[in-house]
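The primary structure of each chain is shown beneath.
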Number of protein chains: 2
Amino acid sequence: MNFLEERIIKDGLVKEGNVLKVDTFLNHQMDVELLDEIGREFYRRFSDLKITKVLTIEASGIAIAYSVARCFGVPMVFAKKAKSVNIDGEMYTAEVESFTHKNKNQVIVSKKVLSSDDKILIVDDFLANGCALQGLISIAEDAGATVEGIGIAIEKGFQYGGRSIRNLGYRLESLAIVESMDAETHTIVFREQ
Amino acid sequence: MNFLEERIIKDGLVKEGNVLKVDTFLNHQMDVELLDEIGREFYRRFSDLKITKVLTIEASGIAIAYSVARCFGVPMVFAKKAKSVNIDGEMYTAEVESFTHKNKNQVIVSKKVLSSDDKILIVDDFLANGCALQGLISIAEDAGATVEGIGIAIEKGFQYGGRSIRNLGYRLESLAIVESMDAETHTIVFREQ
């Protein structure tokens, strides 16, 4: 097991409805040393790529994106989930369904911050059905940018998001892939990688 | 002028309606070196305090909170703006009005991640009328924790948030306080600190 899988076993909680709660260390309270390590690990895995920008979606992806972007020495961009008066001018948009919140969001990125020269690493904390990720890919490609790689902290391997995005040919790496989990017995099985 | 004031003059945009846009470097696209410097500067200003946790609100506050929390070597917590299935159990809540989005949000923090022993540094990117900040203060105090200090990147000095929170006795430090700005002439005047 790697450092993240070990931490999930130690502090993660499995709840009914295939919910894995990591809110004491990854997406509500955040362990900054763990975030630093996640950043370094994604850098290690993608350091052969000439990344110019790290892209994520608010909110929990932001800290991971910052951590990775620090290692590459490039800016990060987080897509916003609703029209804000603080983004004006031309925008790239995509519609995204949230597994967590059971609703649909318009996801937006200002045209000012993505260009056709950008080589993008997309990162996020969770991958389940892949809707958020597909929204980010669609925005990056609308900008004419190249999606060089995708780094996910925790992938739910029993949902279809990871498979469908790999089938599209993207280089997707997840630090922990949950193969199955059981709320009753509090067990989590990770995919061998 | 300090490093943040200089950056605002260089890359910030003043828009009608007292909107200061910093979305190319602080709250949409983020310059990671600037974020690192903001973290170090808040650490310098508050290093006399025994901080146990950094608290902010999603979304733009998250990167700043992470940066500061790294310097203190403590966890960070970001308050969420809506009920999520990923927070369960007991929660602290506050109602917060958004200047940016012109709506009201329920702001929540899980009771698991704040305790009466916590000495809290609250940070955020913007302070205008102070509603978000008052929500965070109220949540911290509901938990019985102590709000030791408040660090804001950009304060709109011509709105009442900063004054009312200082009047309540909180130690509030803003890296840049905009005294006035003019969309027509593109001028920004900072308060001498």
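Computed from a predicted model, the values in this text were never measured in an experiment.

Notes on the side chain of Glu155 of chain B
Residue and element names in this part refer to chain B.
Right, so step 1: Counting through the fold element by element, Glu155 comes out in strand 9 (residues 146–156).
Right, so step 2: Note on Glu155: relative accessible area 2%, which makes it buried.
Right, so step 3: At 2.6 Å, the side chain of Glu155 forms a polar contact with the side chain of Ser174.
Right, so step 4: Those residues in contact with Glu155 that lie beyond four places of it in its chain are Leu127, Gly162, Arg166, Leu172, Ser174, Ala176, Ile177 and Val178.

A short note on the interface of chain A and chain B
Right, so step 1: Contact residues are listed per partner, giving 42 residues for chain A and 42 residues for chain B.
Right, so step 2: With both sides pooled, the region where chain A packs onto chain B buries about 3,800 Å², and carbon together with sulfur makes up 57% of that total.
Right, so step 3: Here chain A and chain B share four salt bridges between them.
Right, so step 4: Across the pair Asp36 of chain B and Arg70 of chain A runs a salt bridge, and its minimum N-O distance is 3.0 Å.
Right, so step 5: One can count 18 residue pairs in polar contact (both at pLDDT 80 or more) joining chain A with chain B.
Right, so step 6: Where the side of chain A that touches chain B is concerned, the elements lending two or more residues are strand 2 (19–21), strand 3 (29–30), helix 2 (32–46), helix 3 (61–72), strand 5 (76–79) and strand 7 (103–110) of chain A.
Right, so step 7: Examining the composition of the side of chain A that touches chain B, we find that six residues originate from one element, helix 3 of chain A, more than from any other.
Right, so step 8: Partitioning the side of chain A that touches chain B into residue classes produces 20 nonpolar, 11 polar and 11 charged.

Focus on the confidence of the model for chain A
Right, so step 1: Averaged over every residue, the pLDDT of chain A is 94; the share at 70 or more is 95%.
Right, so step 2: Listed scores for the predicted complex are pTM 0.95 and ipTM 0.94.

Let's talk about helix 2 of chain A
Residues and elements named next belong to chain A.
Right, so step 1: When the terminal C-alpha atoms of helix 2 are compared, their 21 Å separation across 15 residues agrees well with the 21 Å that a helix rising 1.5 Å per residue should span.
Right, so step 2: Of the positions making up helix 2, those classed as buried are Val32, Leu34, Leu35, Asp36, Ile38, Gly39, Glu41, Phe42, Arg45 and Phe46.
Right, so step 3: One side-chain oxygen of the residue at the start of helix 2 lies 2.9 Å from the amide nitrogen of Glu33, identifying that residue as Asp31.

Quick look at the sheet that holds strand 11 (residues 187–190) of chain B
Right, so step 1: Spatially, seven strands are ordered 3(A)-5(B)-4(B)-8(B)-9(B)-10(B)-11(B) in an open sheet, and the strand pairing comes out mixed. With one partner strand each, in any of the chains shown, strand 3 of chain A together with strand 11 of chain B form the two edges of the open sheet.
Right, so step 2: Note that strand 9 of chain B and strand 10 (residues 172–182) of chain B share six bridges and pair parallel. Residue pairing across strands places Ile154 of chain B opposite Ala176 of chain B, the latter belonging to strand 10 of chain B.

Quick notes on the rules
- Residues numbered from 1 in each chain as written.
- Chains lettered and ligands numbered in written order.
- Predicted model: local features only at pLDDT ≥ 70, side-chain atom pairs only at ≥ 80, totals over all residues.
- Heavy atoms only, no water.
- Helix = DSSP H or I, 4+ residues; strand = E, 2+ residues; numbered from the N terminus.
- Buried < 20%, exposed > 50% of the residue type's maximum accessible area, 1.4 Å probe, protein only.
- Polar contact = N/O pair within 3.5 Å; in protein donor to acceptor, adjacent residues only side chain to side chain.
- Contact = heavy atoms within 4.5 Å.
- Buried area = accessible area lost by both parts, 1.4 Å probe.
- Salt bridge = Lys/Arg side-chain N within 4 Å of Asp/Glu carboxyl O.
- Nonpolar A, V, L, I, M, F, W, Y, C, P; charged D, E, K, R; others polar.
- pLDDT = per-residue confidence, 0-100.
- Expected span 1.5 Å × (residues − 1).
- Pairing = 2+ DSSP bridges.

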